[in-house]
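Analysis of the macromolecular model
This is what each chain is made of:
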Amino acid sequence: MSKLKSSSSSSMLLPLLISFLLLIVPTFSTSRKVLDENHHEGIIRVNLRHVDSGKNLTKLERVQHGMKRAKSRLQWLNAMVTKKQSQFSKSEELDSGSESSESESSSSQIQSPIHVGNGEYLMELAIGTPPKSYPAILDTGSDLIWTQCQPCSQCYKQPTPIFDPKKSSSFSKLSCGSNLCNVLPSSSCSSGGGGDSDGCQYMYSYGDYSVTQGVLATETFTFGSSKIKSIGFGCGEDNQGSGFEQASGLVGLGRGPLSLVSQLKEPKFSYCLQSIDDRKNSVLLLGSLPKTKNAKGAVTTPLLKNPMQPSFYFLDLQGISVGGTQLSIEESTFELGDNGSGGMIIDSGTTITYIEENAFDALKKEFVSQMDLPVDNSGSTGLDVCFSLESASGRIEVPKLVFHFRGGDLELPAENYMIGDVNLGVACLAMGSSSTGMSIFGNVQQQNLLVNHDLQKETITFVPTQCDRV
């Protein structure tokens, strides 16, 4: 493994106010750079709120809720990785002269591909002319933009009235010959004398067994004070599943041609997520931000592409250090395989970070060895690594946690990986083990970082930021 720079100090002190609540404030915390307190010219700004915003939950309870929501997401990630590996193997067999039955080929073509699914943050936007406001799930792991539409043969209960395209003067169905229809993973058109009068019909499935199907169309969307015409979206007339009930649709921010960023032809976007227990809004910024790469504490690393998972944003993680000790793990652990396996994705819709299981075992062992607290094995939290606070005397030492990306080392502030609960008397590492081979950099680890995607340069930059002042 290549030599990586490690932290100069092996630990940080975290004051714990046991009598009232657990606060994790590192003595050597990463600075919080404020980029610009004014609105950025030419940038579309959209407020985000966590799906559990407004609920009377502790930080640990919010994490637990997010982990439950992510369960099916992780299961389907595992299923997708396995499926892609199988397809890759079959492709190699065909290349080497092996035969595959025609029935197998045709059956794979009519199946609707499964996408990752619902997320953890809601964005406020409006659709149509005149504009009708609604909340939508923000998802960096999928592409399609959609909302429920009238007439609805089957719709789930949503927080706002269902959109009626007949009442919008800017609604227009897309034909089967349109570019967006042609890039749909699963579509169909009416046949016979009617031609494609019913437009391009789509079906889009998610990992929690939710599905949306309807007609692909264009509409005027309003994001904050910005109005954008002719955005392609799914007008869902048959929507099933319980994964989206906190919203009236979804906005995909993945790398595919159907996503919002692709349709805007805007190669740069950023988001800044507040702490999961903060009542303030987070923010999504579509457009170029000034001086992010050279901002204090900024870490820039390449974005990798995976042809087998083209919507995901893959990171080039090379190693992890705990308390200045670099973990002894195989060099290939986080590499992206030729068959699409492995690697690490960054995902706004997954709550905690999941690390490839062998690497996580090494991280857990090192973390436990450096903590001066007894391990809590009760399993009461659902997290893999917890410590008892019964013997804590107000201050505890927590090892620094550093992710070594190609191009820079990202040192996380302690509140981005340690979560305490005085009622349960535990402090837990907000990370878990991934059995899929793929690692996921979750949103708890991204909080109070401006995460700037530059799809033109194919880089991502992390900037320590006070998100309420962006």
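Further up the page is the structure itself.
Owing to the predicted nature of the structure, the values given are computational and were not obtained by experimental measurement.

**Quick notes on the pairing of strand E4 (residues 121–127)**
When a strand is regular, its side chains alternate between the sheet's two faces. Judged by how many residues are buried, E4 sits mostly within the fold: six of seven residues are covered. As defined by bridge partners, E4 adjoins strand E5 (residues 132–139) across seven bridges and the pair is classed as antiparallel. Bridge pairing links Leu 122 to Ile 137 in E5. Counting the residues between successive antiparallel strands, the hairpin from E4 to E5 contains four residues, one of them, Gly 128, with a positive phi of roughly 90°.

**A look at the nonpolar core**
Judged by nonpolar contacts, the single largest core of 70 residues is most densely connected at Met 123, Leu 284, Phe 403 and Phe 462. Among the nonpolar cores identified, the runner-up in size contains 19 residues, and Tyr 156, Cys 200, Leu 250 and Leu 258 belong to it.

**Some details on the sheet that holds strand E24 (residues 408–412)**
Within the open sheet, the four strands sit side by side as E18-E17-E23-E24. Their pairing is antiparallel. Pairing within the sheet leaves two strands with one partner each, and these edge strands are strand E18 (325–326) and E24. Here strand E17 (residues 317–322) pairs with strand E23 (residues 401–405) via five bridges, running antiparallel. In the strand pairing of E23, Ser 321 is matched with Val 402. On the sheet, helix H5 (residues 357–370) packs against E17, E18 and E23 and is oriented at approximately 20° with respect to E17.

**Observations regarding the sheet that holds strand E21 (residues 385–388)**
Taken together, the three strands give an open sheet; going across it, the order is E21-E26-E25, and neighbouring strands pair in antiparallel fashion. This sheet does not close on itself; its edge strands, each paired only once, are E21 and strand E25 (418–421). Between one strand axis and the next, the sheet turns by 20° as a mean value, whatever way the strands run. As paired strands, E21 and strand E26 (residues 426–429) are joined by four bridges and run antiparallel to one another. Across the sheet, residue Ser 388 finds its bridge partner in E26, namely Val 426. Together, E21, E25 and E26 form the strand contacts of H5, whose direction differs from that of E21 by roughly 15°.

**Overview of the environment of Trp 146**
Position of Trp 146 among the secondary structure elements: in strand E6 (residues 146–148). Judged by relative accessible area, which is 1%, Trp 146 ranks as buried. Counting along the chain gives 87 residues from Trp 146 to Phe 233, while the straight-line C-alpha distance between them is 5.1 Å. Setting aside chain neighbours within four positions, we find Trp 146 in contact with Tyr 134, Tyr 156, Tyr 202, Tyr 206, Thr 212, Gly 234, Asn 239, Phe 244, Ser 248, Gly 249 and Leu 250.

**A few points about the pattern of salt bridges**
Evaluation of the coordinates by the stated rule reveals nine salt bridges. Close ionic contact of Asp 52 with Lys 55 constitutes a salt bridge, the shortest N to O distance being 3.0 Å. Between Lys 305 and Glu 458 there is a salt bridge, with the nearest N and O atoms lying 3.2 Å from each other. With Lys 305 in the loop between strand E15 (299–304) and strand E16 (314–315) and Glu 458 in the loop between strand E29 (449–454) and strand E30 (459–464), this pair connects stretches of sequence that are 153 residues apart. Residue classification places Lys 305 among the exposed residues on the basis of a relative accessible area of 55%. Relative accessible area serves as the criterion here: at 30%, Glu 458 is assigned to the partly exposed category. One network of salt bridges, in which partners are shared, links Asp 52, Lys 55, Arg 69 and Glu 120.

Calculation notes
- All residue numbers here refer to positions counted from 1 along the written sequence of the relevant chain.
- Since the coordinates come from a predicted model, pLDDT governs what is reported: local features require at least 70, and pairs of side-chain atoms require 80 or more to be given and counted, while whole-chain, interface and lining totals use all residues.
- For the side-chain quantities, the full set of heavy atoms in the structure was used; hydrogens and water were omitted.
- Burial here depends on accessible area, computed with a 1.4 Å probe over protein chains only, as a share of the maximum for the residue type. Under 20% is buried, over 50% is exposed, and the range in between is partly exposed.
- The helix count covers DSSP runs of H or I at least four residues long, the strand count covers runs of E at least two residues long, and both are numbered beginning at the N terminus.
- In short, DSSP must find at least two bridges between two strands for them to pair.
- Residues enter a nonpolar core if they are buried and are Ala, Val, Leu, Ile, Met, Phe, Trp, Tyr or Cys, with the set joined through side-chain atoms within 4.5 Å.
- Should any heavy atoms of two residues lie within 4.5 Å, those residues are counted as being in contact.
- Under this scheme, a helix contributes an axis fitted over its contacting stretch, all axes are lines through C-alpha atoms, and angles between N-to-C directions fall in the 0 to 180 degree range.
- For this analysis, a salt bridge means a side-chain nitrogen from Lys or Arg found within 4 Å of a carboxyl oxygen belonging to Asp or Glu.

Shape descriptors only; they carry no functional weight alone.
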